[in-house]
Amino acid sequence: MEFLGLKRRSTFSLASWARLASELRRRRIDVLHAHKFGSNVWGTLVGRLARVPVVIAHEHTWSYVGRPLRRLLDRHLIARGTDAFLAVSAEDMRRMIEIEGISARDVLMVPNGIPPLPSARRDVRRELGIPADAPVIGTVTRLYRQKAPEVVVLAAARLAAGFPGLQVLIVGAGPEESRVRALIDAQGLSDTVRLLGLRDDVPEVLAALDVAVSTSDWEGSPLSVIEYMAAGLPVVATAVGGVPDLLTDSVHGLLVPRGDSAALAAAVERLLRNPEDAHAMGRRGRDRQRREFDLDSMVRRLERLYEDLHASARTRHRREASRSVLDAHRHAPLPTSSRG
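Residues numbered from 1 in each chain as written. Predicted model: local features only at pLDDT ≥ 70, side-chain atom pairs only at ≥ 80, totals over all residues. Heavy atoms only, no water.

Chemist: Give a description of the packing of aromatic side chains that names residues and reports values.
Modeler: Remark: the centre distance and the inter-plane angle together describe each pair of aromatic rings, the angle taken between the planes. Following the criterion strictly, the structure yields one aromatic pair and no others. Residues tryptophan 17 and tryptophan 42 carry aromatic rings whose centres are separated by 4.9 Å and whose planes lie at 10° to one another, so their mutual orientation is stacked. Within this pair, whereas tryptophan 17 is found in helix 1 (residues 14-26), its partner tryptophan 42 is found in helix 2 (residues 37-49), the two being separated by 25 residues in sequence. The class for tryptophan 17 is buried, based on a relative accessible area of 10%. Note that arginine 142 overlies the ring of tyrosine 144, its terminal NZ or CZ placed 4.5 Å from the centroid. (Phe/Tyr/Trp six-rings, centres within 6.5 Å; stacked < 30°, edge-to-face > 60°. Helix = DSSP H or I, 4+ residues; strand = E, 2+ residues; numbered from the N terminus. Buried < 20%, exposed > 50% of the residue type's maximum accessible area, 1.4 Å probe, protein only. Lys NZ or Arg CZ within 6 Å of the ring centre and 35° of its normal.)

What follows is the structure, encoded as structure tokens:
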């Protein structure tokens with residue numbers, strides 16, 4: 001594997017894209033796989049200019065309501081100019097088809113996967129001075145409006161009186177940090193809610209939690225939720241985007257409406273007061289993650305897709321051949337992890 005940095009100074013740095021096209025031709029690249037909107041646009045243009053046999057676009061969070069230019073480019077440039085347009089969830093795929101008008105035959109869902117979480121090597125509770133029997137909930141997120149971190153704080157305000165010693169850990173950073181910190185102070189929660197910033201010990205943090213939460217207003221298929229499942233944690237998450245594809249309500253965790261701190265608090269309380277049920281949900285979530293949302297499974301599916309699309313690229317009616325490949329993959333059973 002080799003990294004090639006383009007050293008772009010702006011999105012429209014044409015010299016950098018020309019360099020990429022030259023490298024693709026020189027190295028005779030067989031497959032160009034772009035991720036997320038900007039790279040999907042440029043990957044389609046550069047890939048076709050360089051005559052790469054297979055060009056794939058991959059959308060990770062569909063959130064284009066009110067963005068007509070993006071929808072237009074998705075439909076007329078990316079969907080028509082690539083051999084496959086990948087979505088990470090059934091809900092994202094539905095929106096791409098029904099809202100953007102992309103042909104269902106051009107879109108394929110490939111579920112996200114993560115590598116196995118390493119074992120925790122340190123006791124984060126002890127490092128933070130949290131008693132072993134204290135109830136601890138937490139979230140690993142970016143402090144952006146999309147993630148609605150204020151909902152966690154408002155839920156904590158509802159829970160604090162009923163759970164003495166409650167600790168709420170928020171891991172992450174972003175432009176909403178000052179607003180979240182001000183809300184913590186305004187709610188009198190400075191001893192309850194802790195902003196831990198960016199950390200490189202997520203497995204250790206997850207091992208310190210009793211319940212993990214996700215409060216996003218929109219999502220594709222969030223890796224954080226998959227990590228919570230891998231850690232064997234019961235999860236309370238907003239029922240947005242592809243989250244219901246990951247968690248079946250009351251089986252692997254609890255789903256709540258977005259922006260509803262009262263519902264979030266009630267769901268967390270249910271889990272904290274019923275630890276046996278919570279642990280059972282966590283175990284079922286971990287088992288499902290290992291079977292269905294494992295990196296090995298995702299890689300094997302992409303490998304097969306690359307190979308089949310590359311073989312179809314040599315046919316005379318290329319677009320119809322690519323669609324036939326996607327049809328076959330759409331109806332094929334998903335590969336499961338050997339670690340499941």
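Okay, back to it.
Chemist: Run through the side chain of aspartate 74, naming residues and quoting values.
Modeler: Summarising the element assignment, aspartate 74 is placed in helix 3 (residues 68-81). An unpaired buried charge is present at aspartate 74: no salt bridge exists, and arginine 70, the closest side chain of opposite charge, is 8.0 Å distant. Excluding its chain neighbours within four sequence positions, the residues that come into contact with aspartate 74 are Phe37, Tyr64, Ala79, Phe85, Glu100 and Ile102. (Lys, Arg positive; Asp, Glu negative; His and termini not counted. Salt bridge = Lys/Arg side-chain N within 4 Å of Asp/Glu carboxyl O. Contact = heavy atoms within 4.5 Å.)

Chemist: Kindly report on the nonpolar core, identifying the contributing residues and their values.
Modeler: Of all hydrophobic cores here, the largest spans 31 residues; its most connected members are Val168, Ile170, Val193, Val236, Leu264 and Val268. Those elements that place two or more of their residues in this core are helix 6 (150-159), strand 6 (167-171), helix 7 (177-186), strand 7 (193-197), strand 8 (211-214), strand 10 (253-256), helix 11 (261-273) and helix 12 (275-292). The contact partners of leucine 264, leaving out residues within four places of it in the chain, are Val151, Val152, Ala155, Val213, Thr215, Val236 and Val256. (Core = buried A, V, L, I, M, F, W, Y, C linked by side-chain atoms within 4.5 Å.)

Chemist: I'd like a rundown of helix 12, residues and numbers included.
Modeler: Counted at 1.5 Å a residue, the expected span for helix 12 with its 18 residues is 26 Å, and the 25 Å between its end C-alpha atoms agrees. Burial in helix 12 covers these residues: Ala278, Ala280, Met281, Gly282, Gly285, Arg288 and Gln289. Looking at the buried positions of helix 12, the neighbouring elements they touch are helix 9 (223-230), helix 10 (243-246), strand 10 and helix 11. (Expected span 1.5 Å × (residues − 1).)

Chemist: So what's going on with the sheet that holds strand 7? Residues and values would help.
Modeler: Strand order across the open sheet formed by six strands is 7-6-5-8-9-10, with parallel pairing between neighbours. The open sheet has two free edges, formed respectively by strand 7 and strand 10, since each of these has just one partner strand. Direction aside, neighbouring strands of the sheet carry axes that sit 20° apart on average. Note: strand 9 (residues 235-238) against strand 10, four bridges, orientation parallel. Note that in strand 10 the partner of threonine 238 across the bridge is valine 256. (Pairing = 2+ DSSP bridges. Axes fitted to C-alpha atoms, helices over the stretch in contact; angles between N-to-C directions.)

Read these as spatial facts, not as claims about activity.
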